[in-house]
Amino acid sequence: MYAGSIAIIAVIALMAGVFLKAGKMNYVLAVAPLVVVPAVHLIGYPLSAQLGKLLPPRPALFATLLDLGALAVSAILFGFVAGSLIEPGKSRKIYLICCGLFSVVLTMVLVSSLVTY
């Protein structure tokens, strides 16, 4: 899932670039938390392989915990962005639902790719 994570980061970076060029800094900040889960996944698995050498559990367990932690961090960032940059009402709810679902589904896919049977 490394290629998928890189592709997601690239697409979000392109979106942010378009928003930045259009002068919509709030939009850039609004899409930034979407990068947290794939970025931590890219960094997390090699890091967890090193941690797996020091501690008994398998590296996939550490990578899973890092992915779940990234989901929690992104949820906090979504709340911060929604509370400070988006006007109350329907737009805020839609932002939180869409970004939250994206991150939850992505985390589920990334974690399931780590699980070995």
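These remarks concern the structure in this document. (Residues numbered from 1 in each chain as written. Predicted model: local features only at pLDDT ≥ 70, side-chain atom pairs only at ≥ 80, totals over all residues. Heavy atoms only, no water.)

Structural notes on the overall build of the protein
Note the following rule: A run of H or I in DSSP counts as a helix once it spans at least four residues, and a run of E counts as a strand once it spans at least two, with each numbered from the N terminus. Exposure categories follow from relative accessible area, calculated using a 1.4 Å probe and restricted to protein chains: below 20% of the type maximum is buried, above 50% is exposed, and the middle band is partly exposed. We get accessible surface area from the Shrake-Rupley algorithm with a probe of 1.4 Å; when it comes to residues, only the shown protein chains can shield them.
Each helix and strand counted, the protein has five helices and zero strands in total. Reading the protein from its N end, one meets helices and strands in the order α-α-α-α-α. Expressed as lengths along the three principal axes of its C-alpha atoms, the size of the protein is roughly 50 × 25 × 25 Å. Relative to its 117 residues, the protein shows a buried fraction of 30%. A total accessible area of about 7200 Å² is found for the protein, and carbon and sulfur atoms account for 78% of it.

Digging into the nonpolar core
Note the following rule: We define the nonpolar core as a collection of buried residues of types Ala, Val, Leu, Ile, Met, Phe, Trp, Tyr and Cys that are connected through side-chain atoms lying within 4.5 Å of one another. Here, two residues are considered to be in contact whenever any of their heavy atoms come within 4.5 Å of each other.
Grouped together as the largest cluster of nonpolar side chains are 12 residues: I12, A16, V28, A30, V31, L34, F78, V81, A82, I86, Y95 and C99. Of all elements in the fold, only α1 (2-21), α2 (25-31), α4 (59-85) and α5 (90-114) reach the threshold of two or more residues within this core. With residues up to four places along the chain from it excluded, the contact list for L34 reads I12, F78, C99, F102 and S103. By size, the runner-up hydrophobic cluster in this structure holds five residues, among which are V37, A70, L106 and L110.

Some words on the side chain of S48
Assignment of secondary structure puts S48 in helix α3 (residues 36-54). Setting aside its immediate chain neighbours within four residues, S48 contacts P59, F62 and A63.

Re α1
Rules: Multiplying 1.5 Å by the helix residue count minus one yields the expected span of that helix.
With 20 residues, α1 extends 28 Å from end C-alpha to end C-alpha; this agrees with the ideal 28 Å at 1.5 Å per step. Elements that come into contact with the buried residues of α1 comprise α2, α3 and α5.

Let's talk about the packing of aromatic side chains
Here is the rule: The pairing test for Phe, Tyr and Trp rings, Trp by its six-membered ring, is centres within 6.5 Å, and the orientation test on the planes gives stacked under 30 degrees, edge-to-face over 60, and tilted for anything in between.
Scanning the entire structure with this criterion turns up two aromatic pairs. Where F19 meets Y27, the ring centres are 5.3 Å apart and the plane angle is 80°; that geometry is what we call edge-to-face. The partly exposed category is assigned to F19, whose relative accessible area is 23%. Here F78 and Y95 contribute two aromatic rings whose centre-to-centre distance is 6.1 Å and whose plane-to-plane angle is 85°, an arrangement assigned as edge-to-face. Of the two residues, F78 sits in helix α4 while Y95 sits in helix α5, which places them 17 residues apart along the sequence.

Observations regarding the environment of M1
Within the fold, M1 resides in the segment before α1. Given a relative accessible area of 43%, M1 falls into the partly exposed group. Remark: the alpha-carbon pair of M1 and Y95, spanning 94 residues in sequence, is separated by 26 Å. When sequence neighbours within four positions are dropped, the list of residues in contact with M1 reads H41, V109, L110 and S113.

What to know about the packing of α3 against α5
Applied cut-off: All axes here are fitted lines through C-alpha atoms, helices being fitted over the stretch that makes contact, and every angle between N-to-C directions spans 0 to 180 degrees. Working definition: roughly parallel below 35 degrees, roughly antiparallel above 145 degrees, roughly perpendicular at 65 to 115 degrees, and oblique for all remaining angles. Here is the rule for handedness: rotate from the far helix to the near one, and if that takes an anticlockwise turn smaller than a right angle the crossing is left-handed, while a clockwise turn gives right-handed. Classification used: nonpolar for Ala, Val, Leu, Ile, Met, Phe, Trp, Tyr, Cys and Pro, charged for Asp, Glu, Lys and Arg, polar for all others including Gly.
Put simply, α3 and α5 touch, their axes get as near as 10 Å, and they point 20° apart. Considering their axes alone, α3 and α5 lie roughly parallel with respect to each other. For the pair α3 and α5, the crossing hand works out as right-handed. Along the contact surface, α3 presents V37, P38, H41 and Y45, while α5 presents S103, L106, T107, L110, S113 and L114. Across the contact of α3 with α5, the residue classes break down as six nonpolar, four polar and no charged.

Read these as spatial facts, not as claims about activity.
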